[in-house]
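Chain residues, written in single-letter form:
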Amino acid sequence: MTPEQFLEFARVLPEPLLLVSGEGELLATNKPVADMLGLRRKQLRGKMLFELVTESANDIIKYLQACSSSRAMVIGSLTLRKNDGQTLICRSQGAVIQPWSGKSSALILLRLENRVVATSNFILLNEKIDELAKEVHRRKQAESALKKANQELEIRVEERTTALQETLNELQLTQTQLIQAEKMSSLGQMVAGIAHEINNPVSFIYGNLHHAHKYTQDLLRLVQIYQQFFPNTPPEIQEQVEKIDLDFLIEDITKLFQSMKVGTERIQEIVKSLRNFSRLDEAELKQVNIHEGIDSTLMILEHRLQATHEYPEIKVIKKYSQLPNVTCYPSQLNQVFMNILANAIDALEAAANKDKQKLTNNNPEILIKTEVIDKKWIVVSIADNGLGINEQVRSKLFDPFFTTKAVGKGTGLGLYISYQIIVEKHKGQLSCFSVPGKGAELVIKIPISSVS
Ligand SMILES: Nc1ncnc2c1ncn2[C@@H]1O[C@H](COP(=O)(O)OP(=O)(O)OP(=O)(O)O)[C@@H](O)[C@H]1O
Ligand SMILES: [Mg+2]
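A quick note: this is a predicted structure, and the numbers were derived from the prediction, not measured. (Residues numbered from 1 in each chain as written. Chains lettered and ligands numbered in written order. Predicted model: local features only at pLDDT ≥ 70, side-chain atom pairs only at ≥ 80, totals over all residues. Heavy atoms only, no water.)

1. Side note on helix α13 (residues 414-425)
With 12 residues, α13 ought to run about 16 Å at 1.5 Å a step, and its terminal C-alpha atoms sit 15 Å apart, in line with that. Restricting attention to buried positions, one finds in α13 the residues Gly414, Leu415, Tyr416, Ile417, Ser418, Gln420, Ile421 and Ile422. Where α13 ends, the next residue or the one after it, Lys427, has phi of about 55°, a positive value. (Helix = DSSP H or I, 4+ residues; strand = E, 2+ residues; numbered from the N terminus. Expected span 1.5 Å × (residues − 1). Buried < 20%, exposed > 50% of the residue type's maximum accessible area, 1.4 Å probe, protein only.)

What follows is the structure in structure tokens.
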């Protein structure tokens, strides 16, 4: 590149450019260089580079030599002496455009860059980077805050879902309890109603029986006195005496009254049991005799224990121990006995149905045992020799609505409710033991007095 070509080329460029010889002679410059120095371009003609800078001629020559012997750009620093006496530190990028030869000196192009501008640009850039970094930091913080908020929201949603699930479970529990309570309370009311209705007429009968017996005795006595004083009775009377078999009548009527008395007493006992079972007036904690509860429940189920043309009689064996009175909710405990005993009867009937097909003998039995374990606990065990319960059924036994019985026969609530009554209400335990094919045993363990 000749100095003329350089000028042509450099004129259009806004950057300060200098073309110098290997010895440092200024061969051409553009206007930005002159502006930098505060001179006119004309004034620069023929000058040596070291005349315009504070660096020594030696240093300048060395730099230019480095430029001319390198293929890459060589960075240097020049401190320009401005026309107004001030100095200006520049970064210089030097590149050889024509290397040294025997004939001519090297030609080097220098590109100057005002350090202050560069530095301020640098500062600006730094500030920009700083701002950007801050922005990135801000965004990161916002992102992590968002993430945290999201997580919190998720946790809250989860908590709400759990709370809703719990409420749903509670509602389902209440619903099943209501169904069972309704079932039991209508049974209880019916039983109590029947007991009341029967009680009144039975009381009349029982009350009058004594008088009726006495009056008949009086009348018979009178007949005897008649017979004594008038032994020769007319044939009509004699005929009637024979017809009614008076001697037998006199002997039998006492027995008759006796059995009527036993019968009415039995009815009164049944009524008492029915009342005991329903215990409508005893929704609160009471100290009661557990055996009375079991017996009255058995009384209600009596018709299912008797032999029919379909099923053999179910024998109930009681092995009661001496039990203290237990503080409990009596009507609820009776519900439990009812549910467990009804299940045992169902299992024995199912076994009888199976046996019929195999034509084997069947001696259906329910064994009820009561025991005091220690000062705190008593146990009631109700075992049957029915079909028993396999492991699969046993694991779901206390689940609501779990039933293996036909539609309309079982709702699957009996043991579920019993479990609630024993475990939740009485802080006791309800467990089931079974050898499939041989029978099942339900064991109720309840505290004697510590129901909270
Ligand atoms: N003594 C038992 N022998 C064999 N299986 C039993 C016995 N007791 C309960 N089960 C089984 O447990 C299931 C659940 O009993 P649960 O009393 O809860 O309901 P259910 O008797 O089917 O219906 P519900 O009592 O509501 O009328 C029964 O369907 C039955 O399969
Ligand atoms: Mg049942």
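2. Digging into the site of ligand 1
In the vicinity of ligand 1 lie 18 residues, with Asn343, Thr403, Thr404, Lys405 and Thr411 positioned nearest. For ligand 1, an oxygen atom lies 2.5 Å from a polar atom in the side chain of Thr403. One of the backbone nitrogen or oxygen atoms of Gly414 is found 3.2 Å away from an oxygen atom of ligand 1. When ligand 1 sits alone it has 600 Å² of accessible area, and the protein chains cover 91% of it. For the shell around ligand 1, the elements supplying multiple residues, two or more each, are α11 (330-358) and α13. A breakdown of the residues in the shell around ligand 1 according to their chemical character gives 7 nonpolar, 8 polar and 3 charged. (Near = heavy atom within 4 Å. Polar contact = N/O pair within 3.5 Å; in protein donor to acceptor, adjacent residues only side chain to side chain. Areas by Shrake-Rupley, 256 points an atom, 1.4 Å probe, with all protein chains shown as cover. Nonpolar A, V, L, I, M, F, W, Y, C, P; charged D, E, K, R; others polar.)

3. Quick look at a nonpolar patch on the surface
A surface patch of nonpolar side chains, amounting to about 660 Å² of accessible area, comprises Leu219, Leu222, Ile225, Tyr226, Phe229 and Phe230. Take Phe230: it is sitting in the loop between α6 (115-229) and α7 (235-243). Classification of Phe230 by relative accessible area gives exposed; the value is 52%. (Patch = residues over 30% accessible without salt bridge, like charges linked within 9 Å, V, L, I, M, F, W, Y side chains within 5 Å. Salt bridge = Lys/Arg side-chain N within 4 Å of Asp/Glu carboxyl O.)

4. Looking at the pairing of strand β5 (residues 107-114)
Examined bridge by bridge, strand β1 (residues 17-21) and β5 share 5 bridges and lie antiparallel to one another. The residue bridging Leu19 from the neighbouring strand is Leu109, located in β5. As defined by bridge partners, strand β4 (residues 87-98) adjoins β5 across 8 bridges and the pair is classed as antiparallel. When the bridges of β5 are listed, Gln98 appears paired with Leu107. (Pairing = 2+ DSSP bridges.)

5. What about the domain arrangement of the protein chain?
Considered domain by domain, the protein chain is made up of domain 1 (3-120) and domain 2 (281-452). For domain 1 and domain 2, the distance between their C-alpha centroids amounts to 112 Å. (Domains from an automatic or database assignment.)

6. Brief notes about the sheet that holds strand β2 (residues 26-29)
If you trace the 5 strands from one edge of the open sheet to the other, you get β2-β1-β5-β4-β3, paired in antiparallel fashion. Lying at the two open borders of the sheet, with one neighbouring strand each, are β2 and β3 (74-81). Between one strand axis and the next, the sheet turns through 30° on average, direction left out of account. Lying on the sheet, helix α1 (residues 3-11) is in contact with β1, β2 and β5; it crosses β2 at an angle near 25°. (Axes fitted to C-alpha atoms, helices over the stretch in contact; angles between N-to-C directions. Contact = heavy atoms within 4.5 Å.)

7. What about the pattern of salt bridges?
The full count for this structure, using the stated rule, is 13 salt bridges. In this structure, the salt-bridge partner of Lys405 is Asp346, at a minimum N-O distance of 2.9 Å. Here Lys405 is found in the loop between α12 (391-394) and α13, whereas its partner Asp346 is found in helix α11, with 59 residues between them in sequence. Judged by relative accessible area, which is 30%, Lys405 ranks as partly exposed. Bridged by salt links that share partners, the residues Arg304, Asp346, Glu349, Lys405 and Lys409 form one connected network.

8. A word on unusual backbone geometry
If you check the backbone angles, Asp245 has positive phi at about 50° while not being a glycine. For Asp245, the location among the structural elements is in the loop between α7 and α8 (246-278). Of note, the phi angle at Lys427 is positive, near 55°, even though the residue is not glycine. Tracing the backbone shows Lys427 in the loop between α13 and β11 (429-435).

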